[in-house]
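Close look at the chain arrangement
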Amino acid sequence: MAIKVTEKAAHHIRRSLEKDGGVGLRFGVKTVGCSGLSYTFEKASEITSDDEIFESENVKVLVKKTDLL
């Protein structure tokens with residue numbers, strides 16, 4: 001499995017991380033209402049042992065291992 005970001009998206013992510021701090025972008029999945037699952041994303045302030053790390057265009061994308069299922 002791989003997660004890739006475009007060059008343009010990576011530029012915006014890097015700029016945001018430089019401005020506000022953070023080690024990467026965290027993707028996640030959460031259960032919502034009766035519709036099922038929803039995807040989330042936010043700046044990650046740290047990398048944990050539960051994270052799977054994908055690197056694309058010099059940007060780290062973090063996903064909790066349980067969310068990959």
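Residues numbered from 1 in each chain as written. Predicted model: local features only at pLDDT ≥ 70, side-chain atom pairs only at ≥ 80, totals over all residues. Heavy atoms only, no water.

**Some remarks on the pattern of salt bridges**
Between side chains of opposite charge, pairing is possible as soon as their charged atoms come close. Condition: Within this document, salt bridges are pairs made up of a side-chain nitrogen of Lys or Arg and a carboxyl oxygen of Asp or Glu, the two lying within 4 Å of each other. Under the DSSP-based scheme used, a helix requires at least four consecutive residues in state H or I and a strand at least two consecutive residues in state E, with every element numbered from the N terminus.
Applying the stated criterion across every chain, the model contains two salt bridges. With a closest N to O distance of 2.5 Å, Asp20 and Lys43 form a salt bridge. With Asp20 in helix α1 (residues 7-20) and Lys43 in strand β2 (residues 36-44), this residue pair connects regions lying 23 residues apart in the sequence. Between Arg26 and Asp51 there is a salt bridge, with its nearest N and O atoms 2.6 Å apart. Residue Arg26 is found in strand β1 (residues 24-32), and its partner Asp51 is found in strand β3 (residues 51-56); the two are separated by 25 residues along the sequence.

**Some words on the environment of Glu55**
Which entries qualify depends on this criterion: Summary of the burial criterion: residues with accessible area below 20% of their type's maximum are buried, those above 50% are exposed, and those between are partly exposed, where the area comes from a 1.4 Å probe applied to protein chains only.
Here Glu55 is to be found in strand β3. Judged by relative accessible area, Glu55 falls into the exposed class, the value being 52%. Sequence spacing of Glu55 and Phe27 is 28 residues, and the spatial spacing of their C-alpha atoms is 13 Å.

**What about the layout of surface pockets?**
Just so we agree on the cut-off: Here a cavity denotes a set of grid points, spaced 1 Å apart and computed over the protein atoms alone, in which a 1.4 Å probe fits but from which it cannot get out, and a pocket denotes an open set meeting protein on both sides within 12 Å along at least five of seven lines; residues with an atom within 4 Å of a point are reported as lining. Grid points are joined across faces, edges and corners, and a volume is the space filled by probe spheres set on the points. Note that Gly is not counted as nonpolar here; it falls among the polar residues with everything else outside the nonpolar set of Ala, Val, Leu, Ile, Met, Phe, Trp, Tyr, Cys and Pro and the charged set of Asp, Glu, Lys and Arg.
What the largest pocket holds in volume is close to 170 Å³. Taken together, Ile3, Phe27, Gly28, Val29, Tyr39, Thr40, Phe41, Val63, Asp67, Leu68 and Leu69 form the lining of the largest pocket. Residue assignment for the lining of the largest pocket shows that the elements contributing at least two residues are β1, β2 and α2 (65-68). The class makeup of the residues in the lining of the largest pocket is eight nonpolar, two polar and one charged.

Purely spatial values, then, with no claim about function.
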